Each structure stands twice: as structure tokens, then as C-alpha cells.
Amino acid sequence: MDAAFTKAWASLARGCKELQAAVEGASGLRNQFHRPFPRARRSRHAGKAGYSLLEILIVLTIIALIAALVGPRLFAQLDRSKVTTARVQARGLETALETMRVDINRYPTQAEGLALLTQADPKVVTGWAGPYLAAAVPNDPWGKPYLYEPPKAENQPPAVVSLGADGKPGGTGNSADVRNNAGT
């Protein structure tokens, strides 16, 4: 039985090879028999990198959420920095006024105002050795001019005032008036 089985097996193997050769010749399917998994077809965009619309929308949403959380805090900080800047500028103007007072032995009148820090007629204002500021008198951080209030009493310094964000006397928060310490 073993010899008959071996003979039948050899005949079957020969038939399979003949069948395989016939199929390959007729249909050109040789590559399918030699490669167990055919290669995936490449699209014409396979080598190009990019982002999908969904990925872009997700990133934009995350950026919008961060801006919504951080934005108000940044604007509040900007308003606080404007108030601080106004205080520093008012003190700087007060210092310049004090230096000028030492030279001319008085503070400017209401009519002369802060302009006397940058220009004056030495014939009219004796002892003036200015200008006492490197540039023109600055505006406050909100773009409005500082107000000058001459001293109310002999021993008091003048007041340098910014009317704050709203530009009106009084107010609270960022709209409150900013004064130099001397003029309070």
C-alpha cells in the first residue's frame, strides 16, 4: 500500500504543477502565486504629508479655549500696567517740577502749567535753566494730557493728575484719577 500511495501522491503533485503552469500562462497571475499578499495600491498623494480638516479644527478649538481663558487676564494686567505707568510718569513730572522750583524759586502758575518744564523765555522766568524734561511733556497712558494744579498753600507741592481710563474726574478702578503723592 505504501508504494501505491507514493505513486498517487507523485501523480497528484505533477498535476498540480501542470495546472499552475496552465493558469499562469493563461491569466498572467504569476505574481499572486509568488507573493502571498499583494502590495497595497498607492494613491497619487501617498508621499505628501498634510493635516486633515478635522485636525485643523481641533487645534483651532484648543487655541480659542486658551485665548478665552487667558485673554481677560492679560487685558486686566494691561489696565493695571497703565495705572502704574501713570503713577510713575506723574512722579517723574513732580520731580522735574521740584528741580525747576529750585532754579526759579517757585512752581509754575496755572497758566504756565507743565509746558514750563520744556520751554520758557529766560527774560520772563528768571533763573530758568531747562528744559527739565528730555522730550515734550508726555500724555498719560490713555493718550490724554496730564493736568497741573498749582499748590493750594505755600508749603504744598503742585498736583499732577491723570483722569484715568474714562478721562473724567473721580471714578473707580481703572477709571479712577491718578495723582502724584505730593498733590493729594
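Keep in mind it's a predicted model, so treat the numbers as computed, not measured. (Residues numbered from 1 in each chain as written. Predicted model: local features only at pLDDT ≥ 70, side-chain atom pairs only at ≥ 80, totals over all residues. Heavy atoms only, no water.)

Q: Describe in detail the nonpolar core, supporting the description with residues and values.
A: In this structure, Leu93, Leu97, Met100, Leu114, Leu117, Trp128 and Val160 are the most contacted members of the largest nonpolar core, which totals 21 residues. In terms of residue count, the dominant contributor to this core is helix H3 (residues 53-104) (eight residues). In this view, leucine 114 contacts Leu93, Leu97, Val137, Tyr146, Tyr148 and Val160; residues no more than four positions away in its chain are not counted. (Core = buried A, V, L, I, M, F, W, Y, C linked by side-chain atoms within 4.5 Å. Buried < 20%, exposed > 50% of the residue type's maximum accessible area, 1.4 Å probe, protein only. Helix = DSSP H or I, 4+ residues; strand = E, 2+ residues; numbered from the N terminus. Contact = heavy atoms within 4.5 Å.)

Q: Now, about the pattern of salt bridges: what can you tell me, with residues and values included?
A: For the structure shown, the criterion picks out four salt bridges. Between arginine 179 and glutamate 149 there is a salt bridge, with the nearest N and O atoms lying 3.4 Å from each other. Here glutamate 149 lies in strand E1 (residues 147-149) and arginine 179 lies in strand E3 (residues 178-179), a separation of 30 residues in the sequence. Several salt bridges converge on common partners, so that one network encompasses Glu149, Lys152 and Arg179. (Salt bridge = Lys/Arg side-chain N within 4 Å of Asp/Glu carboxyl O.)

Q: Let's hear about H3: which residues, and what values?
A: Over its 52 residues, H3 extends 72 Å from the first C-alpha to the last, a length consistent with the 76 Å expected when each residue adds 1.5 Å. Remark: the principal bend of H3, roughly 35°, maps to valine 70, with a proline, proline 72, within the next four residues. Residues of H3 that are buried include every one of Gly71, Val83, Ala86, Ala90, Leu93, Ala96, Leu97, Met100 and Ile104, and no others. Buried-residue contacts for H3 involve E1, strand E2 (159-162) and E3. In the stretch just after H3, asparagine 105 is the one whose phi turns positive, near 65°. (Expected span 1.5 Å × (residues − 1). Bend = angle between axes of the 7 residues up to and from the residue.)

Q: Kindly report on the side chain of aspartate 140, identifying the contributing residues and their values.
A: You can see aspartate 140 is positioned in the loop between H3 and E1. Looking at aspartate 140, its side chain comes within polar contact range of the side chain of serine 162, at 2.8 Å. Setting aside its immediate chain neighbours within four residues, aspartate 140 contacts Gln89, Tyr146, Ser162 and Leu163. (Polar contact = N/O pair within 3.5 Å; in protein donor to acceptor, adjacent residues only side chain to side chain.)

Q: Describe the confidence of the model for the chain, with residues and values.
A: When pLDDT is averaged across the chain, the result is 79; 78% of the residues are at 70 or more. Mean pLDDT per element in the chain: helix H2 (residues 30-34) is the minimum at 52, and E1 is the maximum at 89. (pLDDT = per-residue confidence, 0-100.)

Q: So what's going on with unusual backbone geometry? Residues and values would help.
A: Working note: non-glycine residues mostly have negative phi, and peptide bonds are mostly trans. The phi dihedral of asparagine 105 is positive, around 65°, even though this residue is not glycine. Following the sequence through the fold, asparagine 105 ends up in the loop between H3 and E1. The exposure class assigned to asparagine 105 is exposed, which follows from its relative accessible area of 64%.

Q: Please set out the pairing of E2 residue by residue, giving values where relevant.
A: Burial along E2 is two-sided: the residues Ala159 and Val161 and Val160 and Ser162 are all buried. Inspection of the sheet shows E1 paired to E2 by three bridges, in the antiparallel sense. Considered in E2, the bridge of tyrosine 148 is made with valine 160. Examined bridge by bridge, E2 and E3 share two bridges and lie antiparallel to one another. Its bridge partner lying in E3, valine 161 is registered against arginine 179. (Pairing = 2+ DSSP bridges.)

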